[in-house]
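# A structural walkthrough
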Amino acid sequence: MLRLRDHDPNYFSRALSSTEHWRIFPEFRDSVAYLDIETTGMGDWQDHITTISLYDGETIHYYVYGDNLDQFPDDIMKYKVVVTYNGKCFDIPFINRYFRITMDQAHIDLRYILHRLGYKGGLKGCEKQLGLSRDELDGVDGYTAVLLWRDFENNKNQRALETLLAYNILDAVNLETLMVTAYNLKLRETPFLESHQLTVPDLPCNPFEPDVRTLERIMAARGGW
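Residues numbered from 1 in each chain as written. Predicted model: local features only at pLDDT ≥ 70, side-chain atom pairs only at ≥ 80, totals over all residues. Heavy atoms only, no water.

Residues Ala-106 and Ile-108 point to one face of strand S5 (residues 106-109) and His-107 and Asp-109 to the other, with burial holding for every one of them. Looking at chain direction, strand S4 (residues 81-84) and S5 are connected through 4 bridges and run parallel. Residue Val-82 lies in a different strand from S5, and its bridge partner there is His-107. Once the chain exits S4 it traverses helix H4 (residues 91-99) before rejoining the sheet at S5, and the crossover so formed is right-handed. (Buried < 20%, exposed > 50% of the residue type's maximum accessible area, 1.4 Å probe, protein only. Helix = DSSP H or I, 4+ residues; strand = E, 2+ residues; numbered from the N terminus. Pairing = 2+ DSSP bridges. Right-handed = clockwise from strand over helix to strand, strands pointing away.)

We now examine the sheet that holds strand S3 (residues 60-64). Strand order in the open sheet made by the 5 strands is S3-S2-S1-S4-S5, with mixed pairing throughout. Strands at the two margins of the open sheet, each flanked by one partner only, are S3 and S5. Averaged over neighbouring strand pairs, the angle between their axes works out to 25° when direction is ignored. As paired strands, strand S1 (residues 32-39) and S4 are joined by 3 bridges and run parallel to one another. Considered in S4, the bridge of Tyr-34 is made with Val-83. Contacts between helix H8 (residues 158-187) and the sheet are confined to S1, strand S2 (49-55), S3, S4 and S5, with S1 contributing the most and set at about 145° to the helix. (Axes fitted to C-alpha atoms, helices over the stretch in contact; angles between N-to-C directions. Contact = heavy atoms within 4.5 Å.)

Right, let's get into helix H6 (residues 122-129). Since the α-helix turns once every 3.6 residues, residues separated by three or four places project in the same direction. Residues Leu-123, Gly-125, Cys-126 and Glu-127 constitute the buried set of H6. As for H6, its buried residues are in contact with helix H5 (110-116) and H8. Immediately downstream of H6, the backbone of Gly-131 shows phi near 85°, a positive value.

The next point concerns the nonpolar core. Core analysis: the biggest nonpolar cluster contains 49 residues, and Phe-25, Tyr-34, Val-83, Ile-108, Leu-110 and Met-179 have the highest contact counts within it. In terms of residue count, the dominant contributor to this core is H8 (17 residues). Setting aside anything within four residues of it in sequence, one finds Val-83 in contact with Val-32, Ala-33, Tyr-34, Leu-35, Ile-108, Leu-110, Leu-175 and Met-179. Grouped together as the second largest cluster of nonpolar side chains are 19 residues, Ala-33, Leu-35, Ile-49 and Phe-99 included. (Core = buried A, V, L, I, M, F, W, Y, C linked by side-chain atoms within 4.5 Å.)

Moving on: H4. Within H4, burial applies to Asp-91, Ile-92, Phe-94, Ile-95, Asn-96 and Phe-99. In this structure, the buried residues of H4 make contact with S1, S2, helix H3 (72-76), S4 and S5.

Our focus in this paragraph is the side chain of Ser-31. The topology assignment puts Ser-31 in the loop between helix H2 (9-15) and S1. A residue is classified by how much of its surface remains accessible, and Ser-31, at 9% relative accessible area, is buried. In this structure, Ser-31 is in contact with His-7, Lys-78, Tyr-79, Lys-80 and Val-81, ignoring residues within four places of it in sequence.

Contact geometry for helix H7 (residues 142-155) and H8: axes closest at 7 Å, N-to-C directions at 150°. Considering their axes alone, H7 and H8 lie roughly antiparallel with respect to each other. Both H7 and H8 take part in a crossing whose hand is left-handed. Listed contacts from H8 to Gly-142, Ala-145, Leu-148, Trp-149, Asp-151 and Phe-152 of H7 are Gln-158, Ala-160, Leu-161, Thr-163, Leu-164 and Tyr-167. Here the contact of H7 with H8 is composed, by residue class, of 8 nonpolar, 3 polar and 1 charged. (Parallel < 35°, antiparallel > 145°, perpendicular 65-115°, else oblique. Left-handed = near helix turned anticlockwise from the far one by under 90°. Nonpolar A, V, L, I, M, F, W, Y, C, P; charged D, E, K, R; others polar.)

All quantities given are derived from atomic positions and should not be read as evidence of function.
Below is the structure:
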């Protein structure tokens, strides 16, 4: 009880296996950051972060290389819990290396929790299995995000950047829905489903819209949607 009163999620995340981190979510939901990054590659020395999206359940924050990306390290320290999909392997190590920081927040990586529940196929695969639609962004993936950044950087195509941000932000805000859904599914394994079940939140309005023409051109160049 002392650790709960001190609002210390790290104590519980260290004590639990990664597949059980879902248990800390409701107690610390008011200090959660849903986080996703886009990059120029998979982590070679020359690769860098292009955009970061952070959603705290109320406000969407986004960061762009060459603009406000350097604000991210200060902003992320306001939160005590980070929720990602595959962030343990990719997002968090990339962020730590790129900014030369150590993100030591409690970390709920939905990849492990959803896998334990039988949902596989990456973030987009899990979304589809759980009924989440991406509309115009259906079929867009991490490599498309790289190409969108190149289009923006090389051709000054502002619509490519806006499409990239729409995609990156959707990745982040969908994490809240997946987190609540996973939590409720795990509750079915306990006697507390009726008393502790959470309401699945509405998705916030995405401040950016994908440009269909830009997507069609880029997807055609890479060999199809």
